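# Structural characterization, general
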Amino acid sequence: GSSGSITGASCSNGSTTNVSSTILVTSGTYDGGCRVFNATSALGDGSQSESQKPVFRVENGATLRNVVLGNNAADGIHFYNGGTIDNIRWSNVGEDAFTIKSSGTVNARNITGYAGEDKFIQVNAASTLNVSNCVVDNMGKFLRQNGGTTFKIVVNVDRCQISNMKEGIFRTDSSTSTARITNSRLRNAGSICIGKWASCTSSG
Ligand code: ADA
Ligand code: CA
Ligand code: CA
Ligand code: CA
């Protein structure tokens, strides 16, 4: 395969919108117009505190696109019952970048994330996650299935550049979950597969 066209998100920063209550995306498409969405303290401070709220909540197959998360990204983006994100950049990942909160299929394409303390993606429910064209740099790990959970997740990652992970790329405690990464560039990305994965592969 080819890893030649890995660009991540492509927005130039637009004007800043301060977010004091989670923006709900419940149907159709929410187009952020490349504005910078910056959480206020009402959502959290972007630290490792687990009590923070997301900046966006995407539900029921809806799509969120063309968004820059600003210096305070709080608990990022939450998905319920599946959804799509397209052209999203986290300038400074908060507690984590996005979380699958209930079952469904999540598609994340053309995304970029920088400067996380720990996780980029957190998966808290049985689900399928398809990630394509991502650039992720400088955090603990790319993806974590919630610690101690044994439901099945299916993770497909294609055309990603992942660099400077302190721990690694995929971590689970579930022996039924699967992960694969294809057509990607890994630089100082730690261990690819951490934990019990039924299947965990890297190719291309
Ligand atoms: C940690 C924490 C979980 C949950 C998760 C998350 O793994 O132990 O309870 O809060 O983070 O969704 O960020
Ligand atoms: Ca967490
Ligand atoms: Ca979180
Ligand atoms: Ca950060």
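Anything mentioned here points back to the structure above.
An account of the accompanying structure is given in this report. (Residues numbered from 1 in each chain as written. Chains lettered and ligands numbered in written order. Predicted model: local features only at pLDDT ≥ 70, side-chain atom pairs only at ≥ 80, totals over all residues. Heavy atoms only, no water.)

Our focus in this paragraph is the overall build of the chain. When its secondary structure is counted, the chain shows 0 helices and 17 strands. For a compact globule of 204 residues, the expected C-alpha radius of gyration is about 17 Å, and the chain comes in at 15 Å, within 12% of that figure. Partitioning the contacts of the chain with sequence separation of at least 6, the portion at a separation of at least 24 is 49%. For the chain, the accessible surface area stands at approximately 7,900 Å², while carbon and sulfur atoms represent 41% of it. Between the averaged position of the 18 positive side-chain charges in the chain and that of its 14 negative side-chain charges there is a distance of 6 Å. (Helix = DSSP H or I, 4+ residues; strand = E, 2+ residues; numbered from the N terminus. Rg over C-alpha atoms; globule rule 2.2 N^0.38 Å. Contact = heavy atoms within 4.5 Å. Areas by Shrake-Rupley, 256 points an atom, 1.4 Å probe, with all protein chains shown as cover. Lys, Arg positive; Asp, Glu negative; His and termini not counted. Charge placed at Lys NZ, Arg CZ, Asp CG, Glu CD.)

Summed over the entire model, instances satisfying the criterion amount to 6 salt bridges. Residue Arg 57 is joined to Glu 59 by a salt bridge in which the shortest nitrogen-to-oxygen separation is 2.4 Å. A salt bridge links Glu 167 to Lys 141; the nearest nitrogen and oxygen atoms lie 2.8 Å apart. With Glu 167 in strand β13 (residues 153–172) and Lys 141 in strand β12 (residues 127–145), the pair connects residues that are 26 residues apart, well separated along the chain. Take Lys 141: its relative accessible area is 6%, and that puts it in the buried class. One connected set of salt bridges, linked through shared partners, spans Asp 118, Lys 141, Glu 167 and Arg 171. (Salt bridge = Lys/Arg side-chain N within 4 Å of Asp/Glu carboxyl O. Buried < 20%, exposed > 50% of the residue type's maximum accessible area, 1.4 Å probe, protein only.)

Attention now goes to the state of the cysteines. Counted under the stated rule, the structure contains 3 disulfides. Disulfide partner of Cys 134: Cys 160, at an S-S distance of 2.2 Å. As the torsion about the S-S bond is roughly 130°, the Cys 134-Cys 160 disulfide counts as right-handed. Here Cys 134, found in strand β12, pairs with Cys 160, found in strand β13; they are 26 residues apart in sequence, far enough to count as distant. One exposure class covers both Cys 134 and Cys 160, and it is buried. At a sulfur-sulfur separation of 2.0 Å, the disulfide partner of Cys 193 is Cys 200. Taking the sign of the S-S torsion, -85° for the link of Cys 193 and Cys 200, the bridge is left-handed. In this structure Cys 193 comes out as partly exposed when scored by relative accessible area, which is 34%. (Disulfide = S-S within 2.5 Å.)

Neighbouring ligand 1 are Glu 50, Glu 95, Asp 96, Lys 119, Gln 122, Asn 124 and Asn 146. Residue Glu 95 places a side-chain N or O atom 3.1 Å away from an oxygen atom belonging to ligand 1. Lys 119 has a polar side-chain atom sitting 3.0 Å from an oxygen atom of ligand 1. The protein chains hide 62% of the 320 Å² of surface that ligand 1 would expose on its own. Across the shell around ligand 1, the residue classes tally to no nonpolar, 3 polar and 4 charged. (Near = heavy atom within 4 Å. Polar contact = N/O pair within 3.5 Å; in protein donor to acceptor, adjacent residues only side chain to side chain. Nonpolar A, V, L, I, M, F, W, Y, C, P; charged D, E, K, R; others polar.)

Another point: the coordination of the calcium ion (ligand 2). Around the calcium ion (ligand 2), the protein contributes the donor atoms Glu 50 (OE), Glu 50 (OE), Glu 95 (OE) and Glu 95 (OE), at 2.4 to 2.7 Å from the metal centre. Given 6 donor atoms and angles of 50 to 158° at the metal, the environment of the calcium ion (ligand 2) is assigned as irregular. The distance between the calcium ion (ligand 2) and the calcium ion (ligand 3) comes to 3.6 Å, with Glu 95 serving as a donor to both metals. Of this pair, Glu 50 sits in the loop between β4 (36–39) and β5 (56–59) while Glu 95 is found in the loop between β8 (83–90) and β9 (98–100), placing the two residues 45 residues apart along the sequence. According to the relative accessible area criterion, Glu 95 is buried, its value standing at 3%. (Donors = N, O, S within 2.8 Å, 3.2 Å for Na, K, Ca; no water. Tetrahedral: all angles 85-135°; square planar, octahedral: opposite > 155°, others 65-115°.)

For any pair of aromatic rings, geometry is given as the distance between the ring centres together with the angle between the planes. Scanning the model with the defined rule gives 10 aromatic pairs in all. Through pairs of rings, three or more aromatic residues link up here, namely Phe 79, Trp 90, Phe 98, Phe 120, Phe 142, Phe 170 and Trp 197. One cation-aromatic arrangement involves Arg 57 over Tyr 80; the distance from NZ or CZ to the ring centre is 3.8 Å. (Phe/Tyr/Trp six-rings, centres within 6.5 Å; stacked < 30°, edge-to-face > 60°. Lys NZ or Arg CZ within 6 Å of the ring centre and 35° of its normal.)

All right, on to the coordination of the calcium ion (ligand 4) then. Donor atoms from the polypeptide that coordinate the calcium ion (ligand 4) comprise Asn 92 (OD1), Val 93 (O) and Ala 115 (O), at 2.2 to 2.5 Å from the metal. Counting the intervening residues between successive donors of the calcium ion (ligand 4) yields the motif N-V-x21-A. Within this pair, whereas Val 93 is found in the loop between β8 and β9, its partner Ala 115 is found in the loop between β10 (104–114) and β11 (119–123), the two being separated by 22 residues in sequence. For Val 93, a relative accessible area of 2% gives the class buried.

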